[in-house]
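Okay, here's what each chain looks like letter by letter:
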Amino acid sequence: MIFFYLLIAIMPLSDHHFWGRSFGGLTMFKALGAICLVYAVIHLASNPRKPAFFNTWQARLSILFFFGSIVSFFVAAHGKPSGLDLVWNNISFAVFFITVVSLVDSLHKLRWTLLWTVGSTAFASLYVIREWWQFRKLFGSGFRPGGATGDSNYYALTALMGVLVAYYLFVERRDWWDKLFALGCLSITLVGLSIASSRGGFLGMIAAFTYIVWRSSHRMRNSVIAAILVLPLSVLSPVSPINRLLHPAYADNLARDARTTVWRAGIKMIKSHPFLGIGAGQFKPQVETYEMPEESVRSLAHNTYIEIAAEMGVPVLLIFIGILVGTFRTLEKVRRQTLAHGPKLLQLSAVSLQASLIGYATGMFFLTAQYQKHLWFMVFLSVALKHLQRTSARRRLSAKASTAADPRVSVGQFEPQYS
């Protein structure tokens, strides 16, 4: 499992000098993913109870999305060699799906998976903080570092999951070590988020914490905690995201205008090619042909939904939205079914992933993020959580049956560890 945990640890470090390096097209993430796949296959072969890989809609639609992206690349985009990374990305995500669902098959492994996720986000945040400290005087007060993640906006979106999982581990877990570790990681990541000052990330954070407060049975308490965690750093930051929203600087206005330009071009692409799109990976190369003569912005769409529809067609966009909805619904079922009888870890995992998904779905209105690792990690974890919930329910029913047959048998003997 150590290779799997290491795989989680390097997920945010896409621009790291070692972990983010590509060796002849093979990244460290893909290399570790291949090792984890071999271990997952061996683990499955020795496990008498196999997980139901395709028992949820998001699992089926995810594979359909990856397949549709590859087909779009070869058919609509004519399989240009310069874009073959897109094909390998889709294949690596399919492999990652098998790995996550196969290996996260116990509450013990789920707990460590969450802790490694929180820790890796805090570790990436240290790079963001260090970069800001080193270059703040050189680039001025408006400098927004991305650290080892490469980009401040993508870092903010990645950090959302770490913050929200750490929040629930700190507030809801009883283990003092988990709480202390979560608090430390949460503090570091919040500092990194305030320095990165992503407006899309901030709006995603607000949406996520709004859901947390609404869902909580202690709304006043969680409202106060959320305000204490988010607002001071967001207001006092040298590049406050609130200030960037209310009083945008010249560079902020340029970024806004560039986004609206490519959004208009993307909508034109959708109108011209509503069913098949222009081809996966072709938005940036072709965007200028859909802009007005006086406009010249060559970039990604900075909107996941527009870019998917423009590149692969509206049907594939509906598949993508179906993945998000299916993931949320599965997590909601897990939350409800563990609310009364537990395990508590499954319940808090489901709620924290729901909040993370809401934050991500909000942030994706301002970023091209359909191939971000943490998005698919959340989707795949939802499938693993469903399997764990069913296993836990079977154990409880078995415990009740055994207790009824022999009153000397305690139900607690059948309770899973780390409940």
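Residues numbered from 1 in each chain as written. Predicted model: local features only at pLDDT ≥ 70, side-chain atom pairs only at ≥ 80, totals over all residues. Heavy atoms only, no water.

Asks: Explain the overall build of the protein chain residue by residue, including any values.
Replies: Looking only at helices and strands, the protein chain features 16 helices and 2 strands. Expressed as a percentage of its 419 residues, the buried residues of the protein chain come to 52%. The contacts of the protein chain with a sequence gap of at least 6 include a subset with a gap of at least 24, amounting to 76%. Surface accessibility of the protein chain: about 18,900 Å² in total, with carbon and sulfur atoms responsible for 66%. (Helix = DSSP H or I, 4+ residues; strand = E, 2+ residues; numbered from the N terminus. Buried < 20%, exposed > 50% of the residue type's maximum accessible area, 1.4 Å probe, protein only. Contact = heavy atoms within 4.5 Å. Areas by Shrake-Rupley, 256 points an atom, 1.4 Å probe, with all protein chains shown as cover.)

Asks: Pulling in residues and values, what's your account of a positive patch on the surface?
Replies: Taken together, the side chains of R49, R329, K333, R390, R394 and R395 make up a positively charged region of the molecular surface. Mapped onto the positive patch, the elements with two or more residues apiece are α14 (314-339) and α16 (373-405). For the positive patch, the element with the highest residue contribution is α16, accounting for 3 residues. (Patch = residues over 30% accessible without salt bridge, like charges linked within 9 Å, V, L, I, M, F, W, Y side chains within 5 Å. Salt bridge = Lys/Arg side-chain N within 4 Å of Asp/Glu carboxyl O. Lys, Arg positive; Asp, Glu negative; His and termini not counted. Charge placed at Lys NZ, Arg CZ, Asp CG, Glu CD.)

Asks: Lay out the side chain of S349 in plain terms, naming residues and giving numbers.
Replies: Take S349: it is sitting in helix α15 (residues 344-363). Apart from the residues within four sequence positions on either side, S349 is in contact with L110, L114 and L385.

Asks: Pulling in residues and values, what's your account of unusual backbone geometry?
Replies: A positive phi angle, near 50°, is found at S197, a position not held by glycine. In this fold, S197 is placed in the loop between α7 (176-196) and α8 (199-215). The class for S197 is buried, based on a relative accessible area of 0%. The phi dihedral of H302 falls on the positive side, at around 55°, and the residue is not glycine. With respect to the helices and strands, the residue H302 is situated in the loop between α12 (283-286) and α13 (304-312).

Asks: Lay out the packing of aromatic side chains with the relevant residues and their values.
Replies: Applying the stated criterion across every chain yields a total of 29 aromatic pairs. Geometrically, the ring pair formed by F65 and Y371 is tilted, given 6.5 Å between the ring centres and 45° between the ring planes. Taken together, the residues span a long stretch of sequence, with F65 in helix α3 (residues 57-75) and Y371 in the loop between α15 and α16 at a distance of 306 residues. Seen in terms of ring centroids, Y305 and F365 are 4.8 Å apart; in terms of plane orientation they differ by 45°. Their pairing is tilted. With Y305 in helix α13 and F365 in the loop between α15 and α16, this pair connects stretches of sequence that are 60 residues apart. Lying across the ring of W112, R111 places its NZ or CZ 5.3 Å from the centre. Across from the ring centre of F29, 5.0 Å away, lies the NZ or CZ of K373, which sits over that ring. (Phe/Tyr/Trp six-rings, centres within 6.5 Å; stacked < 30°, edge-to-face > 60°. Lys NZ or Arg CZ within 6 Å of the ring centre and 35° of its normal.)

Asks: Run through the environment of S120, naming residues and quoting values.
Replies: Within the secondary structure, S120 is located in helix α5 (residues 107-139). By relative accessible area, S120 is classed as buried at 3%. Apart from residues lying up to four places away in sequence, S120 is in contact with I8, A9 and P12. A polar side-chain atom of S120 sits 2.9 Å from the main-chain carbonyl oxygen of T117. (Polar contact = N/O pair within 3.5 Å; in protein donor to acceptor, adjacent residues only side chain to side chain.)

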